Amino acid sequence: MLHDLRFLRVVLCGLICAAGSGRAQDPQLGQDPLDKVIGAMTLEEKARMVTGAGMNFQDGQTEVDVREPAVGEHRGRVPGAAGATFAVPRLGIPAMVVADGPAGLRIQPIRGTDSTKTYFCTAFPIATALASTWDTDLVMHVGEAMGDEVREYGVDVILGPALNLHRIPLGGRNFEYYSEDPLIGGRMAAAMVRGTQSRGVGTSVKHFAANNHEWNRNVIDVIASERALRELYLRGFEIAIREGRPWTVMTSYNKINGLYTSESPDLLRKVLRKDWEYEGMVMTDWSGGADAVAQMKAGNELLMPGSERQQKSILEAVQNGMLDESVLDRNIARILGVVLESPAFKKIPFSNRPDLAAHAIVCRNAAADGMVLLKNDNGALPLSPGSKVAVFGNCAYEMITGGTGSGDVNEAYSVSLTEGLRNAGLEADTAIAAAYAQYIAEQKAARPPMRNRFMLPPPLAERPLEGGEIRRTMEAADMAVFVLGRNSGEFRDRELENDFYLSETEKVLISQIAESCYALGKKMTVVLNIGGVIETASWRDMPDAILLAWQPGQEAGNAIADVLTGIVNPSGKLADTFPMEFSDVPSAANFPGRVTLGPDPEETNAWRKGRDRAAEIMYEDDIWVGYRHYITKHVKTAYPFGYGLSYTSFTYGPVKADRKKLKDKVRVSVTVRNTGTASGREIVQVYAGAPGKTMPKPALELRAFAKTKRLEPGEAETLTFTITVRDLASFDAGKSAWITEKGDHEICIGRSSESIESRVTVKVPKTSVVEKVSRALSRKTEKKD
């Protein structure tokens, strides 16, 4: 009745206005029902509404050759943004601006020739570093800061977070993603979404799904079992979407079992909409997919950045009866549902002056909390106050704050390690610093200019050092710190040689520095300024300490110095496994896949055609990804999933369960005590082991985690976890259901996947179907419609 009265008032108002003006007024978004607004659109407007407003690639920061005409070279109100939606002013529909940003908002920092005003953004720690905090509250605070910048710079939706699984260490965009485990990835992404969207702006969870490497990414067909997809590659997205409720989801470039993700009714209509009850909007990755009409039918509502070809295809399909106009209406309704929530529609003013100083503090704290102490022999760290430090390695002087491509950020500054050490009251050798500065400048000058700044520049060769120079430097120092750097980005995956494995120069340098320190009775620390997993087993015995700093964002040097000096007690733990050798990685045997044809005959997108070749990759590792493989198959690791040291020590009490039989849920608790001499935090990990009688199961799977408060020496905290029957379920593809197997299930409390402190057994009385879902994504059922 109330709805009918409101509708009647709107109709009467419209009639009165029309009578006064002599003409009928157009319906207005937010005032009139959506179906009336959509019904007032022309077919051409509808075709434009489901395709973006184009993109200006020539923004002064990136230079990408786009040979296919876009709808318009969009600059809009935020130069450097990735794109915008189509506006229909007569219907009260504004354009929404969307911008890149898994590690921070990515826009143009200087507009035109006016350098008196700047639009810098905060470069936060990469996703892998945030995951290593195991702290969803902290990640939510990072999201809040990021959301502030999105809002204050006039952007409506930030294109992140990204949470594809770290299937293999060589994935070029692993730095944008969180972990090899879907629970960590899903929870971190959900926290980021909640934090960002609390500021009244939207997010876009991406890249949905199985976008695990860059090789031939635009056309590659990922062949994976339904079980692997449900348990691993979709599970993180499910958690992020159910717990975070993002405004939008972005489909990936690749195919899954024969169809592009953006053209897959199974993925979008069955899994996303039906099974997960998602009500937001779905957009493509930029120029993703091949068939605009198939994308419309599948439920990929918005095609970004938008092109004339897509508009024409959609118009012709409606006109010749190949696409029902009601499909466009459905898709537009979902787009407008997001528009109604946007700052653009609500006319929220923006200042172009976010509090970058406050956000730098958030960045610094998050970076320090995500660092993982891999080794600390004989109390090499923390450094004593006033220590003199000899700093080696190119990246100590120009730190890698984050990866490249759309995951890059245009920050105002970055703090080098030497700056950070000086800020912490330590003394860094100035002579070697000057030598590095000269070397880096010369190497950069000799490097050929980058035609495309979106791409990763070639790395600078590490500066060689003579033994005499090392010894002279170390004679005046208390400790050596060698910073080893790695970077990666879009369009290409990492390499084995000189990347996953150290270069010969790097090996020699570590050996030379270690030998000099040993001879002089000094200590050596290696700091890893990297975006993904590398090989450590062959050289880890040489330094006294190893600190995994990841790519920590713009406050890198300060955050590393905080940990090296003990201002911050390291509490990060690995969200990825560090293998002994690349050949130990379960997906190594068939990475990156195989080429099946020449240029993909289905590929009609001109600016990509000819670059990628039709290819496929078989996910033969199935559910055995990361620690699930290493633990179950008893494969030795360099550093296991969940591992990390502290400057203090913790003991665990016995795990207690509130029941022995599990019908719906069980509560387990454990008490953690700080038995060391420094305050600190501990990450408690809860794993479960299933009977594995009806189907193969990993020996252990992460089912919950939490981080203690800061515990003073002698202080204890009891943590309680709720494990549900759904948490113990596995996916049965034959039944299209999540099944919990009857029998004894072990609940394990550990400080890492290989360091289980306490166990308790709970009995499931009978095998049960916990959740029935749609039959989807098998190679037999997946087809266009």
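Residues numbered from 1 in each chain as written. Predicted model: local features only at pLDDT ≥ 70, side-chain atom pairs only at ≥ 80, totals over all residues. Heavy atoms only, no water.

**Some words on the overall build of the chain**
Put simply, the rule reads: What counts as a helix is a DSSP run of H or I of at least four residues, what counts as a strand is a run of E of at least two, and both are numbered from the N terminus. Only C-alpha atoms enter the radius of gyration, while the globule expectation follows 2.2 Å times N to the 0.38, with N the number of residues. Working rule for contacts: check all heavy atoms of both residues, and any pair within 4.5 Å makes them a contact. With residues, only the protein chains shown are counted as cover, and all accessible areas are computed by Shrake-Rupley using a 1.4 Å probe. The sign given to each residue is positive for Lys and Arg and negative for Asp and Glu; His and the chain ends receive no count. By convention, the point assigned to a charge is CZ for Arg, NZ for Lys, CD for Glu and CG for Asp.
In terms of regular secondary structure, the chain is built from 22 helices and 30 strands. Taking 785 residues into account, the globule formula puts the C-alpha radius of gyration at 28 Å, and the chain, at 27 Å, falls close to it. The principal-axis extent of the C-alpha atoms belonging to the chain is close to 95 × 70 × 55 Å. Here the contacts in the chain between residues at least 6 apart in sequence split such that 78% fall between residues at least 24 apart. By element, 51% of the accessible surface of the chain is carried by carbon and sulfur atoms, the whole surface being about 29200 Å². With 94 positive and 99 negative side-chain charges, the chain shows a separation of 5 Å between the mean positions of the two kinds.

**Some remarks on the packing of helix α14 (residues 356-369) against helix α21 (residues 556-564)**
Basically, it comes down to this: In this description, a line fitted to the C-alpha atoms serves as the axis of each element, helices being fitted only across the stretch in contact, and the angle between N-to-C directions of two axes falls anywhere from 0 to 180 degrees. Here roughly perpendicular refers to angles of 65 to 115 degrees, roughly parallel to angles under 35, roughly antiparallel to angles over 145, and oblique to all remaining angles. Note on convention: near helix rotated counterclockwise from far helix by under a right angle means a left-handed crossing. Clockwise means right-handed. Residues are sorted three ways: Asp, Glu, Lys and Arg are charged, Ala, Val, Leu, Ile, Met, Phe, Trp, Tyr, Cys and Pro are nonpolar, and all the rest, Gly among them, are polar.
Relative to each other, α14 and α21 sit at 45°, their axes nearing to 8 Å. Comparing their axes, α21 and α14 come out oblique. The hand of the α14/α21 crossing is right-handed. The residues of α21 that touch α14, namely those facing R364, A367 and A368, are N558, A559, D562 and V563. Its residues placed into classes, the contact of α14 with α21 shows four nonpolar, one polar and two charged.

**Considering the packing of aromatic side chains**
Operational definition: The aromatic pairing rule takes the rings of Phe, Tyr and Trp, using the six-membered ring of Trp, and pairs them if the centres are within 6.5 Å, calling planes under 30 degrees apart stacked, those over 60 edge-to-face and the rest tilted. Only lysine NZ and arginine CZ atoms are considered, and such an atom sits over a ring when it is within 6 Å of the ring centre and within 35 degrees of the ring normal.
One pass over the full model with this rule turns up 15 aromatic pairs. Between F578 and Y639, the ring centres sit 6.4 Å apart and the planes meet at 75°, which makes this aromatic pair edge-to-face. Of the two residues, F578 is situated in strand β16 (residues 578-579) and Y639 in strand β19 (residues 637-639); the sequence distance between them amounts to 61 residues. An aromatic cluster of three or more residues is present, and its members are W134, Y627, F641, Y687 and F705. The ring of Y619 is capped by R167, whose NZ or CZ atom sits 3.8 Å from the centre of that ring. Residue placement shows K255 over the ring face of Y260; its charged tip is 5.0 Å from the ring centre.

**Overview of the sheet that holds strand β15 (residues 545-548)**
Under the convention used in this document: Two strands are said to pair when DSSP picks up at least two bridges between them.
Strand order in this open sheet of six strands is β10-β15-β14-β13-β11-β12, and the pairing throughout is mixed. Here the strands that pair on one side only, and so sit at the sheet edges, are β10 (372-376) and β12 (427-428). Sheet analysis places strand β11 (residues 388-392) next to strand β13 (residues 479-485), joined by four bridges and oriented parallel. Its bridge partner being in β13, V389 is matched across the sheet by M479.

**Observations concerning the sheet that holds strand β27 (residues 737-740)**
Pairing between the strands of a sheet is mediated by backbone hydrogen bonds and can be parallel or antiparallel. Pairing within the open sheet is antiparallel, and its three strands lie in the order β26-β27-β30. In the strand order of this sheet, the two ends are held by β26 (730-732) and β30 (768-772), each with one partner. If you compare each strand with its neighbour and ignore which way they point, the axes differ by 40° on average. Relative to β27, β26 is paired through three bridges, and the arrangement is antiparallel. Bridging from a neighbouring strand, D732 pairs with A737 of β27.

**Some thoughts on the packing of helix α5 (residues 136-152) against α14**
The N-to-C vectors of α5 and α14 enclose an angle of 150°; their axes lie 10 Å apart at closest approach. By the criterion of interaxial angle, the relationship of α5 to α14 is roughly antiparallel. Between α5 and α14 lies a crossing whose hand is left-handed. On α14, the residues touching L138, H141, V142, A145, D148 and E149 of α5 are L356, H359, V362, N365, A366 and D369.

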